[in-house]
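One letter stands for each residue in the lines below.
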Amino acid sequence: MDRHDMLLSPAGVDALRTALTRARFTANGIADRLGPQATGAVARNDYRAALRATEDRDPLATLIRVYICDQTEPEPVVAAALAPLTVEEALAGGLVERHGEGLRAGVDLEPYGDDWFVLADVPASARPGRPLHSEHVLGIGGATQTLIGATVRRPVETALDLGTGSGVQALHLSTHARRVTATDVSERALRFAATTAALNGQDWELLRGDLVAPVAGRRFDLVVSNPPFVVGPGTTTHVYRDSGRVGDAIGAELAAAAPHLLTEGGTMQYLANWVHVTGEDWAERVTGWFAGTGLDAWVIQREVADPMAYVNLWLTDVGEAADPQRMAAWLDWFDAHKVEAIGFGIVSLRWAGHDEPVVRVEDLRQRVEPPLGDRVGEWFDRQDWLRARDTDGLLAARYRAADGLQLRQEATMGDDGWAVDRQVLAMPRGLRWSEEIDPLVLALVGGADGRLPLRDQLALLAAAHDVAPDELAEAAGPIVAHLVERGIVEPVAD
């Protein structure tokens, strides 16, 4: 895509950057101007304190009122705040629009991070009653933040953002990838992404097309995607939400494409919805997406919604007026396909290069230690460690219990005192797994202090529990592998 195909001319982008930086219209500058109380209130869409703090209408105050508080301000005041960008250029580029007797925001211009700016469409909530453009470009929402936090942030040569929208994922990729490519099916979205890139001094390769079509035959070290994953009958009204695929097919389609997109050792991560069908195991359904791909896969389900809540969410998201027929048709489709719930989560895939990839599909709804991307990277590292060792290798290694590991017990008072009914190991950090265990596993973990090889540790346990050492060693292999995968015990480097 031509880098000049932006909302503004290159000179206009430079002028806008000058205006924003001169006014200190940055996340830190805004927080300093408003103070913690007003800044916190703005995050809750309460602008009263922010408006009181910006009554003098200097450039920073005006930009806050227009782009943060969604106010209409007199044209001369806005012109002074945007200078050297002219009002005519801002109007032509859609940065502002006429409203009443003044000007208001025409786009969502969001200071982001320490010194970034992201351009997107004004959200539906800010313009009640005004239908969203069919190629509406989302700003930084909850799903966006989920993928940002879940992405493995390790240095790579090449990175791809499929369905870039405003370009925020590409911005993050630029911090650890030498070259960034971004695609979108929407020409309009690419104009926003190109402007975001230029405004932040970035030079990305921007390509138009549906999903992987623009990069057919090419491979990347890291691929991320926040695709139009909404589940339904395949109707397309808004490209950020609707893929045109029926049901949850887009998740399976991306999984099938991954082997052809990744370099050796490459990683792909994307957000997805999947259906829970009555009488079927949702995890088995999603596991089927990766059959024959040769990829290691870790899918974690973070949320589950019932069909009614799901339809209400997405109809509200685009600001659509109540439409009983549209809602009924969507719900009828769910009923016809026996969909009882819809799951949301993160798919992380890695080029494995062998015939027995690891595929895990599981619930992980507890709060995890951020950033989740670090936890994903560590999970793949543990898979590498486990894959390199057979049972003898596991027995020869030394292990240490995870820092801060907790034991929680449930007990019942009886005639002879307390009787322990259930014992759970809980990780207060990392992925914060909780694992119910039996006394033998408890003894194994309790003795994991990093000094003895597992084989010697098991010999002591076998003697204490009157169990044959070979039998215990055979049983312990899969158990220890699971504990390592969970991060409950950690191998000690030789």
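A short tour of the structure in this document, coming up. All figures in this text were calculated on a predicted structure; none of them were measured in a lab.

Section: the side chain of Asp-184
As for its position among the elements, Asp-184 is in strand β6 (residues 177–184). Buried charged residue Asp-184 carries no salt bridge. Nearest counter-charge: Arg-208, at 7.5 Å. Within the structure, the side chain of Asp-184 is placed 2.9 Å from the backbone nitrogen of Ser-186, a separation counted as a polar contact. With sequence-adjacent residues up to four places away left out, Asp-184 is seen in contact with Gly-163, Thr-164, Gly-165, Ala-189, Leu-190, Leu-207, Arg-208 and Gly-209.

Thoughts on helix α17 (residues 454–465)
The terminal C-alpha atoms of α17, which comprises twelve residues, lie 16 Å apart, in line with the 16 Å expected from a rise of 1.5 Å per residue. Three or more residues of α17 are buried, namely Leu-454, Gln-457, Leu-458, Leu-461 and Ala-462. Looking down the long axis of α17, one finds its buried residues gathered within 140° of arc, a one-sided arrangement. For α17, the exposed residues set more than 90 degrees away from the buried face come down to Leu-460 and Ala-463. Contacts made by the buried residues of α17 are with α15 (391–396), β13 (398–401), α16 (439–446), β17 (449–453) and α18 (469–486).

Digging into the sheet that holds strand β15 (residues 417–426)
Reading across from one edge, β14-β15-β16 is the order of the three strands in this open sheet, with antiparallel pairing throughout. Bordering the open sheet on either side are β14 (406–414) and β16 (434–437), each of which pairs with just one other strand. Averaged over neighbouring strand pairs, the angle between their axes works out to 30° when direction is ignored. Taken together, the nine bridges between β14 and β15 define a ladder with antiparallel strand orientation. Among the inter-strand pairings, Arg-408 is bridged to a residue of β15, identified as Val-424.

Considering unusual backbone geometry
A cis amide bond links Ala-83 to the next residue, Pro-84, at an omega of 20°. Structurally, the position occupied by Pro-84 is in the loop between α5 (75–82) and α6 (87–92). Phi at Asn-45 is positive, roughly 65°, even though this residue is not glycine. With respect to the element layout, Asn-45 can be found in the loop between α2 (27–43) and α3 (48–53). Located in the positive-phi region is Arg-432, a residue other than glycine, with phi close to 55°.

Let's talk about the nonpolar core
With 153 residues, the main nonpolar core has Phe-25, Tyr-67, Met-268, Tyr-270, Phe-290, Phe-334 and Tyr-399 as its most contacted residues. With residues up to four places along the chain from it excluded, the contact list for Tyr-270 reads Leu-147, Ser-225, Gly-251, Leu-254, Ala-255, Trp-289, Phe-290, Gly-345, Ile-346, Val-347 and Leu-349.

What about the sheet that holds β6?
Read from one edge to the other, the open sheet built from eight strands follows the order β7-β6-β5-β8-β9-β11-β10-β12, with strand pairing classed as mixed. Each edge of the open sheet carries a strand with a single partner, namely β7 (205–208) and β12 (359–363). Across the sheet, the mean angle separating the axes of adjacent strands is 20° when strand polarity is ignored. The strands that helix α9 (residues 187–199) touches are β6 and β7; relative to β7, the one it contacts most, it runs at about 170°.

Concerning the packing of helix α14 (residues 372–387) against α18
Two elements in contact, α14 and α18, have axes whose closest approach is 8 Å; the angle formed by their N-to-C orientations is 155°. As judged from the angle between their axes, α14 and α18 are roughly antiparallel. Judged by residue contacts, Trp-379, Arg-382, Gln-383, Trp-385 and Leu-386 of α14 engage Ala-481, Val-484, Glu-485 and Arg-486 from α18. Among the residues forming the contact of α14 with α18, the class breakdown is five nonpolar, one polar and three charged.

Some points on the layout of surface pockets
Taken as a whole, the second largest pocket encloses approximately 370 Å³ of empty space. Forming the boundary of the second largest pocket are 18 residues, of which Glu-378, Arg-382, Met-427, Gly-487 and Glu-490 lie nearest the centre. Those elements giving two or more residues to the lining of the second largest pocket turn out to be α14 and β18 (489–491). Ranked by residues supplied to the lining of the second largest pocket, first place goes to α14 with four residues.

What to know about the packing of α2 against helix α4 (residues 59–68)
How two helices sit against one another is set out by the angle between their axes and by the gap between those axes. Where α2 contacts α4, the axes come no closer than 11 Å and their chain directions differ by 35°. Pair α2 / α4 crosses with right-handed handedness. Taking contact as the criterion, the partners of Gly-29, Ile-30, Arg-33, Leu-34 and Val-42 in α2 are, on α4, Leu-60, Ala-61, Ile-64 and Ile-68. Considering only residue class, the contact of α2 with α4 consists of seven nonpolar, one polar and one charged.

Some words on helix α10 (residues 249–261)
Given a rise of 1.5 Å per residue, 13 residues ought to cover 18 Å, and the 18 Å separating the end C-alpha atoms of α10 matches this to within 8%. Those residues of α10 lying buried are Ile-250, Gly-251, Leu-254, Ala-255, Ala-257, Ala-258, Pro-259 and Leu-261. Buried residues along α10 sit in contact with β5 (156–162), β8 (220–225), β9 (262–277), β10 (295–305) and β11 (339–351).

So, the pattern of salt bridges
All told, the structure shown has 36 salt bridges when counted by the stated rule. Glu-378 serves as the salt-bridge partner of Arg-375, at 3.2 Å between the closest nitrogen and oxygen. In this pair, Arg-375 and Glu-378 are both assigned in helix α14, three residues apart and thus about one turn of the helix distant. According to the relative accessible area criterion, Glu-378 is partly exposed, its value standing at 33%. Counted as one network, the salt bridges with shared partners bring together Asp-70, Glu-97, Arg-104, Arg-127 and Arg-130.

Calculation notes
- Numbering of residues starts from 1 in every chain and runs along the sequence as written.
- For this predicted model, a pLDDT threshold of at least 70 governs which residues receive local features, and a threshold of 80 or more governs which side-chain atom pairs are given and counted, while totals over whole chains, interfaces and linings are taken from all residues.
- As a rule here, side-chain values come from all non-hydrogen atoms in the structure, and water together with hydrogens is ignored.
- We count a stretch as a helix when DSSP gives it H or I for four or more residues in a row; a strand needs E for two or more, and each element gets its number in order from the N terminus.
- Exposed residues in this analysis have more than 50% of their type's maximum accessible area, buried residues have under 20%, and partly exposed residues fall in between, with area computed by a 1.4 Å probe over protein chains only.
- Charged-residue counts in this description rest on Lys and Arg as positive and Asp and Glu as negative, His and the chain ends being excluded.
- For salt bridges, the criterion is a side-chain nitrogen of Lys or Arg within 4 Å of an Asp or Glu carboxyl oxygen.
- Here a polar contact is recorded for every N or O atom pair within 3.5 Å, except that within protein the pair must consist of a potential hydrogen donor and a potential acceptor, and residues adjacent in sequence are included only if both atoms are side-chain atoms.
- Residue contacts are counted whenever heavy atoms from the two residues lie within 4.5 Å of one another.
- Multiplying 1.5 Å by the residue count of a helix minus one yields the expected span of that helix.
- What the arc measures is the spread of directions leading from the helix axis to the C-beta atoms.
- Pairing between strands is defined by DSSP: at least two bridges between them are needed.
- Here an axis means a line fitted to C-alpha atoms, over the contact stretch when the element is a helix, while the angle between two N-to-C directions is reported on a 0 to 180 degree scale.
- Residue types Ala, Val, Leu, Ile, Met, Phe, Trp, Tyr and Cys, when buried and joined through side-chain atoms within 4.5 Å, form a set referred to as a nonpolar core.
- Angle categories: roughly parallel below 35 degrees, roughly antiparallel above 145, roughly perpendicular from 65 to 115, and oblique for all the rest.
- Each residue gets one of three labels, nonpolar for Ala, Val, Leu, Ile, Met, Phe, Trp, Tyr, Cys and Pro, charged for Asp, Glu, Lys and Arg, and polar for the others, Gly among them.
- Here a cavity denotes a set of grid points, spaced 1 Å apart and computed over the protein atoms alone, in which a 1.4 Å probe fits but from which it cannot get out, and a pocket denotes an open set meeting protein on both sides within 12 Å along at least five of seven lines; residues with an atom within 4 Å of a point are reported as lining.
- Grid points are joined across faces, edges and corners, and a volume is the space filled by probe spheres set on the points.
- In this scheme the crossing of two helices becomes right-handed for a clockwise turn of the near helix relative to the far one and left-handed for an anticlockwise turn of less than a right angle.

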